[in-house]
Amino acid sequence: MKTYTLIIGLLLLASTSYAQEIKNVDYVSQPHEDLAAVKSGNRWGFINLKGAYAIPLRENLVVSAHGNKEMPYPYFSKDRAIFKEVRDNIDFYGFIDSKGTIAIPAKYIEVTPFNEHGYALALELFKQTIGENDLLNKPIIRYEYNEVVIDTSGKAVLYISEAKHIIPMRNELRKTQRITSYLIGPNLVVIQNKKGSWNILKTIKN
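Caption draft 1: Summary view of the overall build of the protein chain. A count of helical and extended segments in the protein chain gives 2 helices and 14 strands. Per-residue burial for the protein chain yields a buried fraction of 33% across its 206 residues. The long-range fraction of contacts in the protein chain, counting pairs at least 24 apart against all pairs at least 6 apart in sequence, stands at 35%. Accessible surface computed for the protein chain: about 13200 Å², of which carbon and sulfur atoms make up 52%.

Below, the structure is given as C-alpha cells:
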C-alpha cells in the first residue's frame, strides 16, 4: 500500500507544471508579435508570453531603437528579426524568423527592420571579378552596392540607387555607407537625390 501511494505521489508531482524562472537578466523589452527580447551580458534572446525562451541567448542578434534610444533591442516585425554574420572582416546582415531559422541570408551590409507593410530597406553588396593580378596570382575584385527595397522573402522589389563602388573594409563601411531613403505608407519610398533634396516614388505595389 505504501509503495502504491508513493507511485501515485510521484505521478502527481511529475504532472504538476511549474513556471519557468529566468533570473538575473539585464533587460527585458516590451513584446513584439508575442516575443520579448531579453539581454544578458552581450547576448540577446527572445521569450514568449509564457516566460519560456523561444530563441535562446545568442551574440548575433542586432538591436534597433524602435522608439527606445536609451536601450535599443532586437525585435520581430512581420516575423523577421535582424541578425549579423562576420565574413572577411565585414559585417553582413540578414533576418531570422520567430523559430530562430534563417529566413533571409546575411548578404546585406546594412538593413532596416520590416515596416508594417512588409518592406525593409537594405544595402546589397555585389562582388565581381574584373581581372587577374599576375604578380600576386590573385583575382582583381570589384565591389559595388545598391540601396534596395526588399520583401519578407528577401526579394528585391525596387532598386533605389545606381550601383556604387566601394572598398569593403569594416571601418570604412561603418563611416560612409548608410541607408538614406525611408518608407512611408504601403507603397511610397522617399529618396534623397544628388542635390540633397528628396524625391517621392510610388513604385512598390501590394
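Now that the structure has been shown, we can carry on.
Caption draft 2: Structural detail: the pairing of strand 4 (residues 53–58). Inspection of the sheet shows strand 3 (residues 43–48) paired to strand 4 by 3 bridges, in the antiparallel sense. Residue pairing in the sheet places Trp44 in a bridge with Arg58 of strand 4. Linking two consecutive strands that pair antiparallel, namely strand 3 and strand 4, is a turn of 4 residues; a positive phi of about 85° is found at Gly51 within it.

Caption draft 3: The arrangement of the nonpolar core in detail. Within the largest apolar cluster, 28 residues are counted, with the highest numbers of intra-cluster contacts made by Phe46, Phe76, Ile96, Ile109 and Ile160. Discounting chain neighbours no more than four positions away, the residues touching Ile96 are Ile55, Arg58, Leu61, Phe76, Asp79, Arg80, Ala81, Phe83, Thr101, Ile102 and Ala103. One finds Ile82, Phe114, Ala120 and Ile150 within the second-largest nonpolar core, a separate group that totals 12 residues.

Caption draft 4: Representation of the sheet that holds strand 1 (residues 27–28). Ordered in space as 1-2-3-4, the 4 strands form an open sheet in which the pairing is antiparallel. Of all strands in the sheet, those bounded by a partner on one side alone are strand 1 and strand 4.

Caption draft 5: Focus on the packing of aromatic side chains. Summed over the entire model, instances satisfying the criterion amount to 6 aromatic pairs. Between the aromatic rings of Tyr27 and Tyr73, the centroid separation amounts to 6.1 Å while the plane-to-plane angle is 35°, which identifies the pairing as tilted. Here the residue Tyr27 occupies a position in strand 1, and Tyr73 occupies one in the loop between strand 4 and strand 5 (81–87), the gap between them amounting to 46 residues. On the accessibility criterion, Tyr73 (5% relative accessible area) is buried. For the ring pair Tyr73 and Tyr75, a centre distance of 6.3 Å and an interplane angle of 70° mean the geometry is edge-to-face.

Caption draft 6: Here's a closer look at unusual backbone geometry. The phi dihedral of Asp34 falls on the positive side, at around 70°, and the residue is not glycine. Within the fold, Asp34 resides in the loop between strand 1 and strand 2 (35–40). Backbone geometry places Lys78, a non-glycine residue, at a positive phi of 60°. Judged by relative accessible area, Lys78 falls into the partly exposed class, the value being 38%.

Caption draft 7: Region of the structure containing the pattern of salt bridges. Within this structure, the stated rule accounts for 2 salt bridges. Across the salt bridge formed by Glu85 and Arg87, the nearest N and O atoms sit 2.9 Å from each other. Under the relative-accessibility criterion, Glu85 is labelled partly exposed at 29%.

Caption draft 8: Looking closely at the sheet that holds strand 14 (residues 198–201). As summarised here, the arrangement of the 3 strands in space is 12-13-14, forming an open sheet in which the pairing is antiparallel. Each end of this open sheet is capped by a strand with a single partner; those strands are strand 12 (182–184) and strand 14. Neighbour-to-neighbour, the strand axes of this sheet turn through a mean angle of 30°, independent of strand direction.

Caption draft 9: Spatial organisation of the environment of Pro139. By secondary structure assignment, the location of Pro139 is in strand 9 (residues 138–151). Taking relative accessible area as the criterion, Pro139 reaches 48% and is therefore assigned partly exposed. Spatially, the C-alpha atoms of Pro139 and Thr129 are 6.4 Å apart, while their sequence positions differ by 10 residues. Discounting residues that sit within four places of it in the chain, Pro139 has contacts with Thr129, Gly131 and Glu132.

Criteria and cut-off values
Residues numbered from 1 in each chain as written. Predicted model: local features only at pLDDT ≥ 70, side-chain atom pairs only at ≥ 80, totals over all residues. Heavy atoms only, no water. Helix = DSSP H or I, 4+ residues; strand = E, 2+ residues; numbered from the N terminus. Buried < 20%, exposed > 50% of the residue type's maximum accessible area, 1.4 Å probe, protein only. Contact = heavy atoms within 4.5 Å. Areas by Shrake-Rupley, 256 points an atom, 1.4 Å probe, with all protein chains shown as cover. Pairing = 2+ DSSP bridges. Core = buried A, V, L, I, M, F, W, Y, C linked by side-chain atoms within 4.5 Å. Phe/Tyr/Trp six-rings, centres within 6.5 Å; stacked < 30°, edge-to-face > 60°. Salt bridge = Lys/Arg side-chain N within 4 Å of Asp/Glu carboxyl O. Axes fitted to C-alpha atoms, helices over the stretch in contact; angles between N-to-C directions.

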